[in-house]
Amino acid sequence: AQKVTQAQTEISVVEKEDVTLDCVYETRDTTYYLFWYKQPPSGELVFLIRRNSFDEQNEISGRYSWNFQKSTSSFNFTITASQVVDSAVYFCALSEKNTGNQFYFGTGTSLTVIP
Amino acid sequence: DTAVSQTPKYLVTQMGNDKSIKCEQNLGHDTMYWYKQDSKKFLKIMFSYNNKELIINETVPNRFSPKSPDKAHLNLHINSLELGDSAVYFCASSQAGVGELFFGEGSRLTVL
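Scoring rules and cut-offs
- Residues numbered from 1 in each chain as written.
- Chains lettered and ligands numbered in written order.
- Predicted model: local features only at pLDDT ≥ 70, side-chain atom pairs only at ≥ 80, totals over all residues.
- Heavy atoms only, no water.
- Phe/Tyr/Trp six-rings, centres within 6.5 Å; stacked < 30°, edge-to-face > 60°.
- Helix = DSSP H or I, 4+ residues; strand = E, 2+ residues; numbered from the N terminus.
- Buried < 20%, exposed > 50% of the residue type's maximum accessible area, 1.4 Å probe, protein only.
- Contact = heavy atoms within 4.5 Å.
- Pairing = 2+ DSSP bridges.
- Axes fitted to C-alpha atoms, helices over the stretch in contact; angles between N-to-C directions.

Here we come to the packing of aromatic side chains. Evaluated as defined, the whole model comprises 21 aromatic pairs over all chains. Taking 5.1 Å as the distance between ring centres and 85° as the angle between the ring planes, the aromatic pair formed by Tyr64(A) and Phe77(A) counts as edge-to-face. Highlighted residues: Tyr64(A) in strand β8 (residues 64-69) and Phe77(A) in strand β9 (residues 74-79), separated in sequence by 13 residues. Residues Phe105(A) and Tyr35(B) carry aromatic rings whose centres are separated by 5.5 Å and whose planes lie at 85° to one another, so their mutual orientation is edge-to-face. Residue Phe105(A) is found in strand β11 (residues 103-105), and its partner Tyr35(B) is found in strand β4 (residues 31-37); the two belong to separate chains. Both residues of the pair, Phe105(A) and Tyr35(B), count as buried. Through a chain of ring-to-ring contacts, the aromatic side chains of Phe35(A), Tyr37(A), Phe47(A), Phe91(A), Phe103(A), Phe105(A), Tyr33(B), Tyr35(B), Phe90(B) and Phe103(B) assemble into a single cluster.

Once that is clear, we can look at the environment of Gly28(B). All names here are of chain B. Structurally, Gly-28 can be placed in the loop between β3 (19-25) and β4. Using a relative accessible area of 46% as the deciding quantity, one classes Gly-28 as partly exposed. Residues Gly-28 and Asn-51 lie 23 residues apart in sequence; the distance between their C-alpha atoms is 11 Å. Leave out the neighbours within four places in its chain, and Gly-28 touches Lys-71 and Gln-95.

Moving on to the sheet that holds strand β1 (residues 4-7) of chain B. All names here are of chain B. With antiparallel pairing, 4 strands are arranged side by side in an open sheet as β1-β3-β8-β7. Two strands bound the open sheet, and with one partner strand each, they are β1 and β7 (64-70). For this sheet the average axis-to-axis angle between neighbouring strands, irrespective of direction, equals 15°. Bridge analysis of β3 against strand β8 (residues 73-78) gives 4 bridges, and the strand direction is antiparallel. Opposite Glu-24, over in β8, you have His-73 as the bridge partner.

Everything listed here is a matter of geometry and, on its own, says nothing about what the molecule does.
Printed below as a string of structure tokens:
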């Protein structure tokens, strides 16, 4: 079973639109971490955020915000006023304490921001 | 200073050859990983080492052999390369139980 599901394979938005990338995870562990990574066309994997299972506060960093809801096992990522530089593949990931902190990655969402 | 560095960045080789990719991290992390990213961008864990000890060994052909001479290095050797081995290979490190993965820049392997 897929532990991290990113149902949106590809999304296209016009510049300045807001966009939300969905992430649903599955775990029985009570201690776990959730992550988002960005992979721009240049290919490197850039860490964006880490959240632990005990902290459900939403987080905002500039145009980026994250909504963590344990009730729905979701950790969604919203980009406000999207820009062309936001075009990338975005990965959601889960790390569980009980599996030695092995990382499970979603299949990624490819975001294209059209100028 | 690059936190996780891997070399070479590009590898083009013929089927049947043997090649190695080196990885080094200067973050003091105790866990290192190799991931394979295929053309569809799927990130698949291959191996994980914690303090030089193999802790994750996913279903990977035994032509792939990781070696960790110390906790700052994790090299990947591939024997008898096949066309399907063409991919980007990422090295990563983390502090177990604490933090995020730090990735190297990736090594793009093309097998002709």
